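A structural walkthrough
Given next are the chains, with one letter for each unit.
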Amino acid sequence: MKSSVITFPGSNCDRDMDVALKKFGFKNKMVWHDDNELPKSDLVVLPGGFSYGDYLRCGSMASKSRIMQSVINFAKSGGLVMGICNGFQILVETGLVPGVLLRNKYLEFICKNVFVKLDNKENAYFKNLNKDILEFHIAHNEGNYFCSKDQLKEIEDNNQIAIYYCNKEGKIEDQYNPNGSIKNIAGIFNKEKNVLGMMPHPERMIDQSLSGEDGSIFFNNLINNIK
Amino acid sequence: MKVSAIITLKKDVLDPQGKVIHQALDGMGFENITEVRQGKYFEIDVNENDPSKAKAVVEDMCKKLLANLVIENFKIIETQ
């Protein structure tokens, strides 16, 4: 299975993602933002970081990069595109997933482990996962998911909410919402469910001696789903 | 010709920075404030002498990059 990770100026989770994808069997290529064409891929990942120094709005400049037209075409033809953290911010700026990510409610950069609950397993990312609650890591300043009331209704009607912030038992409540996101939303799909944007970093949870292995469960399942 | 654009957050979007600035102003003794909203201001020198054409170019920029219309509104002002 082939994957591509796009590196933007200011990306800093691109190599972590490369390590994670390779560990679970992907043949991964790093792709520079100024390239024209994506290599043949089964999965494209927009990694975390601070592309273009978060100038203007997080992800806004990167969403206009040369490679993004190729990524958008790939997504529109049904290809799997996953944006993590800054990658999620880039995805909302392209319009591939709805909504926007605002500054965290309490104006703090948040860096900690959180639990997330999967909402929908009818997609290539979470199908066959034997867990509903996963522990991932978050590290962001702008993760406060927002959309209009009409958009939220559409998102809910189409089952586009991918993951919610919750506690260890899977309770989705305000007190487990780290950043003020509407409805505790931590990740969103496009309508067709081939594009996933999420704030948590599964690539940081692939080694027991570092922080945990729920990322391993996610990536193992993902590659099996794509095969 | 210089054209300016002001980007503001839409009414129903939370502006935590504006809130903090409001509180700071309150603490400094500026008590007569009901709300503070923070926005962005751009001054763009367009190589164009026709004001309506220059404004149209900046409007296009706002729609495509300078503003995110999910959360922001923009206003174009012709300066000189």
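Below is a short write-up of the structure. What you see is a predicted model; the values in this text were computed from it and never measured. (Residues numbered from 1 in each chain as written. Chains lettered and ligands numbered in written order. Predicted model: local features only at pLDDT ≥ 70, side-chain atom pairs only at ≥ 80, totals over all residues. Heavy atoms only, no water.)

Quick look at the pattern of salt bridges
Residue and element names in this part refer to chain A. Here is the rule we go by: Here a salt bridge means any side-chain nitrogen of Lys or Arg lying within 4 Å of a carboxyl oxygen belonging to Asp or Glu. Helix and strand labels come from DSSP, where a helix needs a run of H or I of at least four residues and a strand needs a run of E of at least two; each type is numbered from the N terminus. Remark: exposure states derive from per-residue accessible area (1.4 Å probe, protein chains only) relative to the maximum for the residue type, with buried under 20%, exposed over 50%, and partly exposed in between.
Applying the stated rule across the entire model yields 13 salt bridges over all chains. Residues Lys153 and Asp157 are paired through a salt bridge, measuring 2.8 Å at the closest nitrogen-oxygen approach. Residue Lys153 and its partner Asp157 are located together in helix H4 (residues 149-157), separated by 4 residues, close to a single helical turn. Taking the relative accessible area as the measure of exposure, Lys153 reaches 53% and is therefore exposed.

Describing the sheet that holds strand E2 (residues 27-32) of chain A
Residue and element names in this part refer to chain A. Our working rule: Between any two strands, pairing holds if DSSP finds at least two bridges. In this analysis an axis means a line fitted to C-alpha atoms, helices contributing only their contacting stretch, and an angle means the value between N-to-C directions, from 0 to 180 degrees.
One open sheet accounts for 9 strands, arranged E2-E1-E3-E4-E11-E10-E9-E6-E7; its pairing is mixed. Two strands bound the open sheet, and with one partner strand each, they are E2 and strand E7 (133-140). Taken over all neighbouring pairs, the strand axes of this sheet differ in orientation by 25 degrees on average, direction set aside. In this structure, strand E1 (residues 2-7) lies alongside strand E3 (residues 43-46), joined through 3 bridges in parallel fashion. The residue of E3 that forms the bridge with Val5 is Val45.

As for the sheet that holds strand E1 (residues 2-9) of chain B
All names here are of chain B. Put simply, the rule reads: Contacts: residue pairs with any heavy atoms within 4.5 Å of one another.
What the 3 strands build is an open sheet, ordered E2-E1-E3; its pairing is antiparallel. Edge positions in the open sheet fall to strand E2 (40-45) and strand E3 (72-78), since each of these has one partner strand only. For this sheet, the mean inter-axis angle between neighbouring strands, taken without regard to orientation, is 20 degrees. Summarising the sheet, E1 and E2 pair through 6 bridges and their orientation is antiparallel. For Val3, the partnering residue across the bridge sits in E2 and is Ile44. Together, E1, E2 and E3 form the strand contacts of helix H2 (residues 51-66), whose direction differs from that of E3 by roughly 160 degrees.

Remarks on the side chain of His33(A)
Residues and elements named next belong to chain A. Put simply, the rule reads: Any pair of N or O atoms that falls within 3.5 Å is considered a polar contact. Within protein, one atom must be able to donate a hydrogen and the other to accept it, and sequence-neighbouring residues count only if both atoms are side-chain atoms.
Looking at the secondary structure, you find His33 in the loop between E2 and E3. A relative accessible area of 10% places His33 in the buried class. Within polar-contact distance, the side chain of His33 engages the side chain of Tyr52 at 3.2 Å.

Describing unusual backbone geometry
Residue and element names in this part refer to chain A. Even without being a glycine, Asp54 presents a positive backbone phi close to 60 degrees. Structurally, Asp54 can be placed in the loop between E3 and helix H2 (66-76). Notably, Leu107 is not glycine yet its phi reads approximately 60 degrees, a positive angle. Within the fold, Leu107 resides in the loop between strand E5 (100-102) and strand E6 (110-118).

Things to note about the environment of Phe136(A)
All names here are of chain A. For Phe136, the location among the structural elements is in strand E7. When the C-alpha positions of Phe136 and Val19 are compared, they lie 17 Å apart, and in sequence the two are 117 residues distant. Ignoring any residue separated from it by four or fewer positions in sequence, one finds Phe136 in contact with Lys112, Asn113, Val114, Val116, Met198, Pro200, His201, Pro202, Met205, Asp214, Gly215 and Phe218.

Describing the interface of chain A and chain B
Keep this limit in mind: Summed over both partners, the accessible surface that disappears when two parts come together, traced with a 1.4 Å probe, is what is meant by buried area. Gly is put with the polar residues, along with every residue not named as nonpolar or charged; the nonpolar set is Ala, Val, Leu, Ile, Met, Phe, Trp, Tyr, Cys and Pro, and the charged set is Asp, Glu, Lys and Arg.
With 16 residues of chain A at the contact, the number on the chain B side is 16 residues. Summed over both sides, the interface of chain A with chain B buries roughly 1,300 Å², with 68% coming from carbon and sulfur. For chain A, the biggest contributors to the area lost against chain B are Leu56(A), Arg57(A) and Phe146(A); these three give 39% of the whole. Of the charged contacts, one joins Glu72(B) and Arg57(A) as a salt bridge, the two residues approaching to 3.7 Å between their closest N and O atoms. Counting every contact that joins chain A to chain B gives 6 residue pairs in polar contact (both at pLDDT 80 or more). Elements supplying a minimum of two residues to the side of chain A that touches chain B: E5 and strand E8 (144-146) of chain A. When the residues that make up the side of chain A that touches chain B are grouped by side-chain class, the tally is 6 nonpolar, 5 polar and 5 charged.

Things to note about the side chain of Gln89(A)
With respect to the helices and strands, the residue Gln89(A) is situated in helix H3 (residues 86-94). With near-sequence residues (within four places) excluded, Gln89(A) lies in contact with Cys58(A), Gly59(A), Leu101(A), Glu142(A) and Met199(A).

As for the environment of Leu21(A)
With respect to the secondary-structure elements, Leu21(A) resides in helix H1 (residues 14-23). Those residues in contact with Leu21(A), other than ones at most four positions away along the chain, are Ser3(A), Val5(A), Phe26(A), Asn28(A), Leu43(A), Val45(A) and Phe219(A).

Things to note about a positive patch on the surface
Residue and element names in this part refer to chain A. Operational definition: Each patch groups residues whose relative accessible area exceeds 30% and which form no salt bridge, using 9 Å between like charges and 5 Å between nonpolar side chains of Val, Leu, Ile, Met, Phe, Trp and Tyr. What sets the accessible areas is the Shrake-Rupley method with a 1.4 Å probe; for residues, cover comes only from the shown protein chains. In this tally, Lys and Arg are treated as positive and Asp and Glu as negative; His is ignored, and so are the chain termini. The atoms used to mark charge sites are NZ of Lys, CZ of Arg, CG of Asp and CD of Glu.
There is a patch of like positive charges on the surface, built from Lys2, Lys27, Lys29 and Lys40. Residue position: Lys40 is located in the loop between E2 and E3. Exposure remark for Lys40: the relative accessible area of 71% places this residue in the exposed category.

Focus: H3(A)
Residues and elements named next belong to chain A. Counting buried residues along H3, 8 of its 9 residues qualify, which places the element largely inside the surrounding structure. Along H3, the positions that sit buried rather than exposed are Asn86, Gly87, Phe88, Gln89, Ile90, Leu91, Val92 and Glu93. Once H3 ends, the next one or two residues include Gly95, with phi positive near 85 degrees.

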